[in-house]
Structures are given as structure tokens and as C-alpha cells.
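Inside the fold
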There are 2 protein chains.
Amino acid sequence: MEEAEVTAVMFKALGDPVRLRLFSKVASHPDNEACVCDIADVGVSQPTVSHHLKKLKEAGLLVSERRGTWVYYRVDPGVLAAMGKLLTVPAAA
Amino acid sequence: MEEAEVTAVMFKALGDPVRLRLFSKVASHPDNEACVCDIADVGVSQPTVSHHLKKLKEAGLLVSERRGTWVYYRVDPGVLAAMGKLLTVPAAA
DNA sequence: CTGAAGCTTTGACATGTGTCTATATTGACA
DNA sequence: TGTCAATATAGACACATGTCAAAGCTTCAG
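Residues numbered from 1 in each chain as written. Chains lettered and ligands numbered in written order. Predicted model: local features only at pLDDT ≥ 70, side-chain atom pairs only at ≥ 80, totals over all residues.

When helices and strands are counted, chain A shows five helices and three strands. Sequence-ordered secondary structure for chain A, helices as α and strands as β, is α-α-β-α-α-β-β-α. Across the 93 residues in chain A, those meeting the buried criterion constitute 31%. Partitioning the intrachain contacts of chain A with sequence separation of at least 6 by distance along the chain shows that 51% fall at a separation of at least 24. (Helix = DSSP H or I, 4+ residues; strand = E, 2+ residues; numbered from the N terminus. Buried ≥ 20, exposed ≤ 12 C-beta atoms within 10 Å, placed from the backbone. Contact = placed C-beta atoms within 7 Å.)

So this is what it looks like as C-alpha cells:
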């Protein structure tokens, strides 16, 4: 898979308002981590939230971990570095 | 239109490999500007290129200008600032 | 005024996506 | 064990999207 494809997957994942809100909520929580129940209020049904979180995971933007009854989502540590690198190139041009 | 919607439109526009390549090519040309004929070699037909450039324009990422026979696309000046702002928030959290 | 080059628009089609309801899974606790 | 709370999965459906071939504009050269 080429670089454009990989990068596009990340952009695509953030290209939906619901997913962007979910990601934003996780990113702005303490430790960049939040339980699903903390962020699920985004205007769609619970299964839809779950579906979007799965997409964000598949895109490499979030990682998840189960702790008891709750599932916590956290921003993948490599994400900010990856996006920062993307911006550096056109900025220098 | 809320902020998440507006921002999502930009991400969505870059969420396609062909559009990402087109944007990247424009951004890495001198003066962040390129004629369609300079960047059209992205593996799809010419009408499809035109279609994607239109989407990038609608998303506010590119602007276009006709000079004689050629049409030049340029990175919208506000784009880098907008994306930089987006990254600052989660980075500070 | 024609012809050709450079782009865009139109129309059609297959595929992808977001959403829901219903159902399943997982873990805590009585 | 049985039940409840928290998430996930499955299935279905309407709608959006990416692609191409064909036709339409624009502009310049002759």
C-alpha cells in the first residue's frame, strides 16, 4: 500500500462529522483517553457510535482497551507525529 | 454549518488517494500552483481528474484561475493556517 | 472562421458508506 | 446461575461516491 493510500485512510476517517467529533472528544479528554460512555453523545445511536469508533481504530487513529465493563479509547501515540510530518512538507515548499 | 462539519469536509476531500496526490502535487509545485496538465498523471482519466479538482475546490483547499488555454490550481492561502490550528488543540491537551 | 488543444460537464453504473433495529457478547454482581 | 449494564456485531436500506465514455466549452493559431 502506497503512502498516499495510507494517509488518505486517515483523512477519510476524519472526514465524517460524527467521527471527527468522537476523535476530538477522545483527544481532549485527560490522558487522551475516554470511555465510550463519556463520548457517546454525538447525535447518533449507540451501534452507530460503535461502528465509527471501529473505523477510527482501523484507520490507526485510536486504540482501545477493555477495563471491566467499560471500553476505553485512546489516541494512537503516533498520530500527531504522522500528521505533523504531513504538514511540514507543503509548508516548506 | 458547525465547525465539525466544515472541518470534516476538508478531511473528506483529502480522504481519497487520487485527491491527496493531486493536492500534494499542487502544493509541491513552485508558488504552490500548477496547471492541470502538470498534475493530471495520477492514474485516472482526465475527466476524473477534473472531477476531483472540483471537489478540492469546493472543500476550500484549492482555488483555480484560467490563464489562456490553461487552468491553474493553487493551494488556498488559508489552508495551512486552518490545519495548523487543528493540530495545536490536541497537541496541547 | 475553422480546427485543435486543454478542461469541464453530463449521464450512467457499480460500489461504498452512514444509519438504524435487532441480536449477540462480555463482565460485574446478587 | 441469572440478570443487568456496557459495547459490539449482523443485516438491511437509502444515499453518496468514484469512475469512465461521450459531448460541450474556451481559447488560441492559422
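Turning our attention to the environment of C37 of chain B. Residues and elements named next belong to chain B. Along the chain, the position of C37 falls in helix α3 (residues 36-39). Residue C37 is classed as exposed on the basis of its 12 C-beta neighbours within 10 Å. Along the chain, C37 and A13 lie 24 residues apart, while their C-alpha atoms are 21 Å from each other.

Bringing the packing of helix α1 (residues 3-14) of chain A against helix α2 (residues 17-27) of chain B into the picture now. Running from N to C, α1 of chain A and α2 of chain B point in directions that differ by 105°, and their axes come no closer than 8 Å. On the basis of the axis angle, α1 of chain A is roughly perpendicular to α2 of chain B. For the pair formed by α1 of chain A and α2 of chain B, the contact residues are A4, E5, T7, A8 and F11 of chain A on the first element and P17, L20 and R21 of chain B on the second. (Axes fitted to C-alpha atoms, helices over the stretch in contact; angles between N-to-C directions. Parallel < 35°, antiparallel > 145°, perpendicular 65-115°, else oblique.)

Time to look at the packing of α2 of chain B against helix α4 (residues 46-58) of chain B. All names here are of chain B. Contact geometry of α2 with α4 gives a least axis separation of 10 Å together with a crossing angle of 75°. The angle between α2 and α4 falls in the class roughly perpendicular. The residues of α4 that touch α2, namely those facing V18, R19, L22 and F23, are V49, H52, L53, K55 and L56. In terms of residue class, the contact of α2 with α4 is made up of six nonpolar, one polar and two charged. (Nonpolar A, V, L, I, M, F, W, Y, C, P; charged D, E, K, R; others polar.)

Bringing the nonpolar core into the picture now. One finds F23 of chain A together with F23 of chain B to be the most contacted residues of the largest nonpolar core, which totals 38 residues. Broken down by secondary-structure element, the contributors of at least two residues to this core are α1, α2 (17-27), α4 (46-58) and β3 (70-75) of chain A together with α1 (3-14), α2, α4 and β3 (70-75) of chain B. The contacts of F23 of chain B, once residues within four sequence positions are left out, are L14, L56, L61 and L62 of chain B. (Core = buried A, V, L, I, M, F, W, Y, C linked by C-beta atoms within 7 Å.)

What follows is about the environment of D41 of chain B. By the element assignment, D41 of chain B lies in the loop between α3 and α4. Taking the C-alpha atoms as reference points, D41 of chain B and R21 of chain B, separated by 20 residues in sequence, lie 9.7 Å from one another.

Taken together, 25 residues lie around DNA strand D, and C37 and P47 of chain A together with V44, S45 and T48 of chain B are the ones closest in. Looking at the surface near DNA strand D, the elements with two or more residues in it are α3 (36-39), α4 and β3 of chain A together with α4 of chain B. In terms of residue count, the dominant contributor to the surface near DNA strand D is α4 of chain A (six residues). Class assignment for the residues of the surface near DNA strand D results in 10 nonpolar, 11 polar and four charged. (Near = placed C-beta within 6 Å.)

Before going further, it helps to examine the protein's contact with DNA strand C. Lining the immediate environment of DNA strand C, one finds 24 residues, of which S45 of chain A together with V36, C37, P47 and S50 of chain B sit closest. Of all the secondary-structure elements, those providing two or more residues to the surface near DNA strand C are α4 of chain A together with α3, α4 and β3 of chain B. When residues in the surface near DNA strand C are grouped by element, the largest group, six residues, is from α4 of chain B.

Our next topic: the pairing of strand β2 (residues 62-67) of chain B. Residues and elements named next belong to chain B. Pairing geometry for β2 and β3, over six bridges, is antiparallel. Bridged to R67 within β3 is W70. Count of turn residues in the β2/β3 antiparallel hairpin: two residues, of which G68 carries a positive phi of about 70°. (Pairing = 2+ DSSP bridges.)

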